[in-house]
Structures are given as structure tokens and as C-alpha cells.
Amino acid sequence: MALSVIQSFKVEDHVVVDTEKNTIQEHSETSKWVLSAPDPPTLWHQIVVSVRNTISHYQQRCSSLRGQHRAKVVLSFLTLIFPILDWSQNYTVTKFRNDLLAGLTIASLCIPQSIGYATLAKLDPEYGLYTSVVPPLIYAIMGTSREIAIGPVAVVSLLLSSMIQKLIDPVADPIGYRKLVFTATLFAGIFQAAFGLLRLGFFVDFLSHAAIVGFMAGAALIIGLQQLKGLFGINHFTNNTDIISVMKSVSESFHHPWNPRNFVLGCSFFIFILLTRLLGKRNRKLYWLPAISPLISVILATVIVFVTRADKSGVNIVKHIKEGINPISMNEIVLNSHHVGALAKIGLVVAIVALTESVSVGRSFASMKGYHLDGNKEMVSLGFMNIIGSFTSCYVATGSFSRTVVNFTAGCETLMSNIVMAVTVIISLLCLTKLLYFTPTAILASIILSALPGLIDINEGYKIWKTDKVDFLACIGAFFGVMFVSVEIGLLVAVAISFIRIIFLSIGPGIETLGKLPGTNMFCDVHQYPMAMKIPGIVIVRIKSSMLCFSNANSITERVNKWITEEEAEGNKEDIRSIIQLVIIDASNLVSIDTSGIASLEKLHKNLLSSGKQLAIANPRWKVIYKLKTANFVKRIGGRVFLTVGEAVDSNLDC
């Protein structure tokens with residue numbers, strides 16, 4: 001019996017060797033479809049098509065306007081650029097009333113927050129107010145989200161200050177520092193607009209959801225620790241953002257004289273803000289209370305300091321806030337500085353973080369209202385908003401989650417609420433800046449601290465841990481990177497872990513044994529479906545990776561050889577049915593293969609051939625079959641390429 005089997009293998013080997021020298025043997029009609037597929041598009045062709053599609057996207061919009069009256073064409077073109085011309089046509093008094101109330105509500109929250117965030121960005125307080133004027137007005141004209149509230153945010157403020165202060169000291173040279181901030185803002189706007197115009201929004205996806213959760217939580221804690229300076233009235237504080245440097249600076253300050261009045265004042269109003277937030281959650285009709293509580297805190301604290309003259313007793317105050325609307329800062333943009341390269345990198349990082357926050361917030365509320373938010377158009381509007389903002393004394397602005405929630409809860413109808421907010425801030429800049437002279441810095445610290453809990457999502461972190469441990473590693477990596485090193489290192493750690501995960505998935509064995517489900521023609525993983533039956537004399541494996549390349553080719557082919565050995569060891573070698581005759585590789589998941597992958601398949605084929613076994617490929621994708629044919633691999637395996645695994649099995653059984 002064994003002798004006959006060996007003889008049959010020798011005959012089979014002879015046939016296989018002959019077919020390698022001749023043309024590809026005939027198969028079923030469907031197999032011919034696989035082998036006769038046209039060549040796939042080249043990389044250059046794909047790039048050209050991508051550029052052409054981007055251009056045609058705008059050409060189609062322009063062509064739809066041909067043949068129409070010139071005035072209508074101009075209006076339609078302007079409507080595409082400025083959506084306000086569209087929704088303002090159906091604007092009513094009722095909508096304006098709702099937007100007016102929402103705008104005044106978010107302005108009451110925006111004014112104290114903007115002053116606090118400006119100090120976080122290591123700028124004078126008025127620059128936070130400037131950033132709450134021009135960017136919201138530009139976005140109201142060009143933006144598509146109805147609920148989003150534009151202005152400075154804590155994370156972007158911290159990100160800018162932590163990176164730019166490495167180039168120039170904001171205390172020693174505040175003017176030079178401010179110029180670099182405006183220049184970084186210009187670069188951020190250019191990158192954001194370019195992402196939208198070129199439809200490159202996928203760049204934002206480099207920050208995964210898990211990485212954002214960890215980054216936001218770490219940044220929130222760092223921002224909170226930074227506010228200890230204002231809360232305790234510490235005059236000398238570290239410029240570093242890591243937790244060790246901050247805590248060291250706080251501990252050292254206790255060895256010097258400090259005034260507890262700052263702490264008492266700040267904590268008192270911090271508790272007040274938290275209580276109003278609790279009342280607002282319990283009673284939805286009181287939604288306005290937590291929104292205006294920061295402004296009430298500023299007013300009351302300022303009055304207390306002014307009446308008691310607490311500033312002479314050691315309470316730190318804001319002092320002078322420059323009066324007037326945004327001055328032009330175009331002449332402060334420095335493009336001939338040796339820091340331009342570093343500022344461009346800072347602008348790119350800040351642009352991605354700001355876009356991620358704004359687009360995610362906008363899409364969340366758009367889905368709640370039941371309308372679609374165009375991500376590319378959002379990027380364009382945010383980009384131009386920051387470009388113009390950099391020319392008008394603003395730093396990077398984006399969509400604020402806390403203010404957007406207030407805007408939504410207050411019943412906003414359109415972006416008119418942003419216009420109302422901006423006008424209110426303008427009035428404050430023109431008329432109220434002198435009244436803010438005695439505002440204690442401890443109040444600004446407490447306002448920033450009260451906004452931080454919304455950035456820490458413990459439940460989401462726990463959900464990530466339960467769902468995907470590697471994703472949680474990216475989350476916790478970003479968190480600890482921000483906490484113990486710096487904000488930008490935290491981002492780099494998160495992105496690096498995500499890339500390492502991609503590499504790990506590509507180099508892993510990524511292979512599974514298939515069996516036939518009873519009563520069907522389906523072949524599935526035998527570990528997932530224990531009822532799946534293996535075909536005697538045939539090993540069917542599926543490559544789970546999308547690539548067979550230099551990083552995983554050897555490990556995959558070694559695993560195939562190992563499984564064949566294990567299968568034969570488990571079977572009865574006296575039984576011909578247990579001897580492996582055919583190895584079928586299901587390539588349905590493969591979208592790409594390189595020369596290393598082809599070389600590993602050739603090595604596998606030679607090893608199988610030397611032991612009297614055949615190799616077949618099932619369901620290869622377009623690029624894969626093209627490269628296999630180009631490398632003459634299809635000819636070497638005797639043309640055993642099939643459309644499905646079932647056909648490959650039937651072909652062997654028919655032999």
C-alpha cells in the first residue's frame with residue numbers, strides 16, 4: 001500500500017515538473033476569469049486619478065452653474081463658499097430670539113474662560129478676548145455646523161505655550177513670544193485649509209479615538225496642576241508642563257511666604273461653580289445657571305477685591321487689560337526667522353489637534369440634530385478662520401466642547417449665536433476692560449479648573465480597556481506621556497503606539513486553518529467554528545493579513561509548513577487519506593504582495609514539491625494575481641489558481 005502511494009507521488013511529481021515547462025493547464029471557466037483579469041492601475045495612475053477627482057469635485061460644482069443668469073451664478077458660487085447666504089434666506093424672528101439668548105449665554109461663559117485660556121497660553125488676557133471675536137465671526141460666515149461655539153480652548157492653549165516657550169521665553173521676551181504664536185497660528189490655519197481643499201481629512205485620523213481620550217485626560221490634569229500657580233498666588237512657577245516639575249515648583253513655593261487669601265477666594269468660587277453645575281444637571285430649566293456662574297464669579301470676586309482692597313493684602317489681580325477691538329497683527333508675522341521650520345511643525349501638530357476636537361464635536365451634535373456635516377468644508381472654514389485670526393491678534397481657535405454644550409442646551413438655531421457672542425465680547429473690549437482691573441487671578445484659575453472634568457472621560461477609558469487592550473495601551477501611553485514628559489511627547493507616544501500596532505499586525509503570523517461547514521459550501525476557521533470539517537488530504541489556510549511582504553512572509557510560510565507537519569503527524573500514515581496532497585492558500589484578504597512575499601511562496605512551493613505536495617491559490621485580489629503572473633509564479637504552480645476555495649477542493653477531488 002505504501003509503495004503504491006510513493007509510486008503515485010512520483011508520477012504526480014513528474015506531471016507537475018512537466019507542467020512547469022509547458023503552458024498553464026486548463027481549469028474551469030471561473031478560474032480563467034481570475035487569470036485573464038486586466039492589469040491593475042499603477043501607482044502613478046492612482047495618484048493622477050486622485051488629483052483628477054479632487055479637481056473634478058470643484059469642476060462639477062462650477063459646471064452646474066453654467067447656462068444660468070450671471071447674478072444667479074455669482075450668488076450660487078458665493079453660497080458654496082459662504083453658507084450663511086443660504087441659511088439666512090429662511091431666517092426668522094423666532095430663530096433670532098433663540099440665537100440671541102444662546103449667544104448671550106455662551107458669551108457669559110466665554111469672556112472669563114477666554115481671559116483664563118490666554119494666561120494659559122502665556123499671553124496677555126486681551127488676546128483671549130480677541131480670539132473670541134474674529135474667529136467666531138469668520139466661522140459664522142463660512143462654517144456648516146449650527147451648534148458649535150468657536151473660541152480659544154484649554155488644550156490648544158497649553159499645546160501652544162508648551163512648545164513655543166522652548167523657542168523663546170515668554171517672560172523675558174513677551175513681544176517676540178507673541179510674534180511666534182501668531183506665526184504658528186498662521187501655519188495652523190494654512191494646514192487646516194489645505195487639508196480641506198485637497199480633501200486630505202484622513203490626516204486627522206492619525207490620532208485614534210483611544211489616543212485622544214488619553215491625551216485629553218493627561219492634558220486636563222496638567223492644565224489643572226498649572227492652575228495651582230493662580231490658586232495659591234505663586235509668583236515663581238516652572239515653565240515645564242510635566243507633573244514632576246509642577247509638583248516640585250508647588251512644594252518649593254511653600255518654603256517661601258505665600259498668601260492664603262488667594263486660595264480661599266479661588267476655592268470658594270470653584271465650589272460655587274460646581275454647585276451651580278450640579279443644580280443645572282438636576283433641573284434642565286436651570287441650564288443657564290452653570291453657564292453664567294463663571295461670569296457671576298468674576299463680577300463678585302472683582303467687587304470683593306475692589307471694596308476690600310485685597311490686592312494690597314497680597315491677592316494677585318489681572319490688572320491692566322488693553323481696551324479696544326482687535327489690532328492688526330500682520331506685521332508681527334515672522335516668516336524670515338530661523339524658527340520658521342519649528343513653527344511650521346508646531347502649526348501642523350496644533351492644526352491636527354484643533355481639527356480633531358472641532359470636527360468630532362461638530363459631528364456629534366450634527367448627528368443629534370439629524371443633518372450631515374461636511375468634514376472637508378469644516379476644515380476649510382476653520383483654516384481660513386485661523387489665517388485671518390493670525391492677522392488680527394488671535395491665536396489658534398477651534399470648536400469648544402463646553403461652550404458648544406451650553407450653546408446647544410440654550411436652544412441655538414444657527415451660527416447667529418456665534419455672531420451674538422462675538423458682538424458681546426466686542427462690547428466688553430470697548431467698555432468693560434477697566435472694570436476687570438481688580439479681577440483676581442485665583443478666579444480665573446478656578447474657572448479653568450471647573451471646565452476640566454469634561455475633558456476626563458473615565459468611563460470611556462474603562463470601555464477601551466474592556467474592548468481592546470492594545471488601544472488602551474495607546475490611551476494610557478498618551479496619558480503618561482503628557483503627564484510625565486510633555487504634551488507633544490504624549491501625542492508622539494500615542495501615534496507611535498498606533499503605528500507599532502499596525503506593524504505588529506502586519507508581521508504577525510495572521511493565518512488560520514479552514515474547514516467546510518456541514519451542509520454548505522462555506523469554508524471557515526476551524527477554531528471559530530469547531531463543527532467545520534477538514535478535507536482529507538487537503539490543508540486549507542487563509543492569510544488574515546492584508547499584505548504578504550518582507551515583514552511577515554517568512555513567518556507565514558513557516559507556520560504553513562509547521563501546520564502541514566502537525567496534520568500529517570496526527571493522521572495515520574498508512575491511510576492515504578491522511579497524507580497531505582494539496583495545500584490551498586486562501587488569498588481573499590490579501591490586497592498587496594511584494595517580492596519578498598512572492599519569494600516566500602516560491603520557497604513554500606519548492607518545499608511542498610519535494611515532498612510530493614501541490615500548492616494552489618484561491619481568490620487572489622487584483623494586484624496580487626497581477627504580480628504573481630508577472631513573476632511567473634502562476635506558471636510554476638501549474639496554473640492552480642481558482643476563484644474560490646471550493647473550486648480548488650473540487651479540482652483536486654476530480655483528479
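Residues numbered from 1 in each chain as written. Predicted model: local features only at pLDDT ≥ 70, side-chain atom pairs only at ≥ 80, totals over all residues. Heavy atoms only, no water.

The name an unreviewed UniProt entry assigns to the protein chain is Putative SLC26A/SulP transporter, from the organism Lupinus albus. Quoted straight from UniProt, the Subcellular location (unreviewed entry) entry for the protein chain says "Membrane". Word for word, the UniProt comment on the protein chain under Sequence similarities (unreviewed entry) is "Belongs to the SLC26A/SulP transporter (TC 2.A.53) family." (UniProt positions renumbered as here; feature names shortened; annotations may be inferred.)

Asker: What is the right way to read the overall build of the protein chain from this model?
Answerer: Within the protein chain one finds 28 helices and 10 strands. Counting contacts in the protein chain only where the partners sit at least 6 residues apart, residues at least 24 apart contribute 81% of the total. (Helix = DSSP H or I, 4+ residues; strand = E, 2+ residues; numbered from the N terminus. Contact = heavy atoms within 4.5 Å.)

Asker: What is the right way to look at the nonpolar core in this model?
Answerer: The tendency in soluble globular proteins is for nonpolar side chains to be buried as a group. Leu160, Ile164, Phe215, Ile346 and Val350 are the most contacted members of the largest nonpolar core, which totals 114 residues. Ranked by residue count, the leading element in this core is helix α16 (residues 340–369), at 12 residues. Non-local contacts of Leu160, meaning those with residues more than four positions away in its chain, are made with Tyr177, Ala184, Ile346, Val350, Tyr395 and Val396. Membership of the second largest hydrophobic core comes to 31 residues, among which are Val34, Leu548, Ile564 and Leu601. (Core = buried A, V, L, I, M, F, W, Y, C linked by side-chain atoms within 4.5 Å. Buried < 20%, exposed > 50% of the residue type's maximum accessible area, 1.4 Å probe, protein only.)

Asker: Got a minute to help me understand the pattern of salt bridges in this structure?
Answerer: Think of it this way: side chains of opposite charge can pair up when their charged atoms draw near. Tallied over the full model, the rule gives 7 salt bridges. As a salt-bridge pair, Glu512 and Arg542 come within 2.7 Å of each other at their nearest N and O atoms. Taken together, the residues span a long stretch of sequence, with Glu512 in strand β3 (residues 511–516) and Arg542 in strand β5 (residues 538–543) at a distance of 30 residues. Side by side, Glu512 and Arg542 carry an identical accessibility label, which is buried. Put simply, Glu512, Arg542 and Asp586 are held in one network by salt bridges that share partners. (Salt bridge = Lys/Arg side-chain N within 4 Å of Asp/Glu carboxyl O.)

Asker: Just to check I follow, could you spell out the packing of helix α6 (residues 93–120) against helix α18 (residues 401–409) for this structure?
Answerer: How two helices pack is summed up by the angle between their axes together with the distance between the axes. The interhelical angle for the contact between α6 and α18, taken along N-to-C directions, is 165°, at an axis separation of 9 Å. Relative to α18, the element α6 lies roughly antiparallel. Viewed along their axes, α6 and α18 form a crossing whose handedness is right-handed. Across the interface between the two elements, Ala102, Thr105, Ile106, Leu109, Cys110, Gln113 and Tyr117 from α6 touch Ser402, Arg403, Val406 and Asn407 from α18. Its residues placed into classes, the contact of α6 with α18 shows 6 nonpolar, 4 polar and 1 charged. (Axes fitted to C-alpha atoms, helices over the stretch in contact; angles between N-to-C directions. Parallel < 35°, antiparallel > 145°, perpendicular 65-115°, else oblique. Left-handed = near helix turned anticlockwise from the far one by under 90°. Nonpolar A, V, L, I, M, F, W, Y, C, P; charged D, E, K, R; others polar.)

Asker: Please explain the pairing of β3 as it appears in this structure.
Answerer: Taken residue by residue, a regular strand's side chains alternate between the two faces of the sheet. Taken across its 6 residues, β3 has 5 buried, putting it largely inside the fold. Looking at chain direction, β3 and strand β4 (residues 523–525) are connected through 3 bridges and run antiparallel. When the sheet's bridge partners are listed, Gly515 is paired in β4 with Cys524. The antiparallel pairing of β3 with β4 creates a hairpin that spans 6 residues between the two strands, and Gly519 there sits at a positive phi of about 75°. (Pairing = 2+ DSSP bridges.)

Asker: Mind showing me how you'd approach the sheet that holds strand β9 (residues 614–618) here?
Answerer: Sheets are built from strands paired through backbone hydrogen bonds, the pairs being either parallel or antiparallel. In space, the 6 strands of this open sheet follow the order β4-β3-β5-β7-β9-β10, with mixed pairing throughout. Only two strands of the sheet have a single partner each, and these edge strands are β4 and β10 (641–642). Looking at chain direction, strand β7 (residues 582–586) and β9 are connected through 5 bridges and run parallel. Bridge pairing in β9 places Ile585 opposite Ile617. Sheet strands touched by helix α24 (residues 553–570): β3, β5 and β7. Its angle to β3, the strand with the most contacts, is close to 45°.

Asker: Just to check I follow, could you spell out unusual backbone geometry for this structure?
Answerer: For Lys122, which is not a glycine, the phi torsion comes out positive at approximately 60°. Relative to the helices and strands, Lys122 is located in the loop between α6 and α7 (125–130). The class for Lys122 is partly exposed, based on a relative accessible area of 26%. For Lys319, which is not a glycine, the phi torsion comes out positive at approximately 70°. Structurally, the position occupied by Lys319 is in the loop between α15 (288–308) and α16. Judged by its relative accessible area of 46%, Lys319 is partly exposed.

Asker: Would you take a moment to explain the confidence of the model for the protein chain for this structure?
Answerer: Detailed reading of the predicted model is not advised wherever pLDDT is low. Looking at the protein chain as a whole, the pLDDT averages 84, with 88% of positions reaching at least 70. Between residues 1–27, whose pLDDT stays under 50, and residues either more than four places distant or in other chains, the model counts 36 contacts. (pLDDT = per-residue confidence, 0-100.)

Asker: Which parts of the structure should I look at to understand the environment of Phe237?
Answerer: Topologically, Phe237 is positioned in the loop between α12 (228–232) and α13 (243–253). Of the residues examined, Phe237 reaches a relative accessible area of 14% and is grouped as buried. Among residues more than four places away in sequence, those in contact with Phe237 are Leu225, Gln226, Lys229, Val246, Ser249 and Val250.

Asker: What is the right way to look at the packing of aromatic side chains in this model?
Answerer: Pairs of aromatic rings are described using the distance from one ring centre to the other and the angle between the two planes. For the structure on display, the rule yields 11 aromatic pairs. In this structure, Lys469 is placed above the aromatic ring of Trp465, and the distance from its NZ or CZ to the ring centre is 4.6 Å. (Phe/Tyr/Trp six-rings, centres within 6.5 Å; stacked < 30°, edge-to-face > 60°. Lys NZ or Arg CZ within 6 Å of the ring centre and 35° of its normal.)

Asker: What is the right way to read helix α10 (residues 174–197) from this model?
Answerer: Residues that lie three or four places apart on an α-helix share one face, since the helix turns once every 3.6 residues. Over its 24 residues, α10 runs 35 Å from end to end, which matches the ideal 34 Å to within 8%, given 1.5 Å per residue. Counted residue by residue, α10 has 17 buried out of 24 residues, so it is predominantly covered. Following α10 by one or two positions, Arg199 has its phi on the positive side, about 55°. (Expected span 1.5 Å × (residues − 1).)

Asker: What's the story with empty space enclosed by the protein in this structure? I'm lost.
Answerer: The gaps of empty space that remain are located by a probe, the size of a water molecule, rolled over the atoms. According to the stated counting rule, one finds 1 cavity of 30 Å³ or more in the structure shown. Along the walls of the largest cavity sit Leu207, Ala211, Ile212, Phe215, Met216, Val353, Thr356, Glu357 and Leu491, which together make up its complete lining. Top contributing element to the lining of the largest cavity by residue count: helix α11 (residues 209–226), with 4 residues. Looking at the lining of the largest cavity residue by residue, the class counts come to 7 nonpolar, 1 polar and 1 charged. (1 Å grid on protein atoms, 1.4 Å probe; cavity = no way out; pocket = protein on both sides within 12 Å on 5 of 7 lines; lining within 4 Å. Points joined across faces, edges and corners; volume = space filled by probe spheres on them.)

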